[in-house]
Amino acid sequence: MNAIKKIEAEHLRLDVPQFKGGDTVKVHYRIIEGEKERIQVFQGTVLRVRRGTTDSTFTVRKISDGVGVERVFPMHSPYIDRVEVVSEGKVRRSRIYYLRNLRGKAARIKAKEIWE
């Protein structure tokens, strides 16, 4: 194992659940305002997951007061308290940018059926 991979392995988070594009997630993000610290929850649909080691990110989109808000989170950020998967979506592609152009009922994503 070379030195770069050893340093990257120290900064990886192992508590992030597996999710993909189309899933609805709650990201509990730690926000520091002056000396105060609070946790803000950002719930939305995952548009894309960029895999990698320490530079992996995921983009989450939500609708707030009729305006679409997207946020890119670093996967292994120390500011992320936790990530909860609310529901798994049934989509055919990994990057669902087409969701940006859809409004109302057309923007819904069906929940994945779990066969046991």
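The structure displayed is predicted, hence computed values, not measured ones. (Residues numbered from 1 in each chain as written. Predicted model: local features only at pLDDT ≥ 70, side-chain atom pairs only at ≥ 80, totals over all residues. Heavy atoms only, no water.)

Undergrad: Hey, could you run me through the environment of Y29 in this one?
TA: Tracing the chain through its elements places Y29 in strand β1 (residues 24–33). Under the relative-accessibility criterion, Y29 is labelled buried at 14%. It is 4.6 Å that separates the C-alpha atoms of Y29 and I80, two residues lying 51 residues apart in sequence. (Helix = DSSP H or I, 4+ residues; strand = E, 2+ residues; numbered from the N terminus. Buried < 20%, exposed > 50% of the residue type's maximum accessible area, 1.4 Å probe, protein only.)

Undergrad: Which parts of the structure should I look at to understand the nonpolar core?
TA: Soluble globular proteins: nonpolar side chains tend toward being buried together. By size, the foremost hydrophobic cluster in this structure holds 15 residues, and its most contacted members are F19, V25, V27, F58, V60, F73 and I80. Elements supplying a minimum of two residues to this core: β1, β2 (36–50), β3 (57–64) and β5 (80–87). Per-element accounting of this core gives the leading share, 4 residues, to β1. In contact with V27, not counting residues within four places along its chain, are Q40, V41, F42, F58, V60, F73, I80 and R82. (Core = buried A, V, L, I, M, F, W, Y, C linked by side-chain atoms within 4.5 Å. Contact = heavy atoms within 4.5 Å.)

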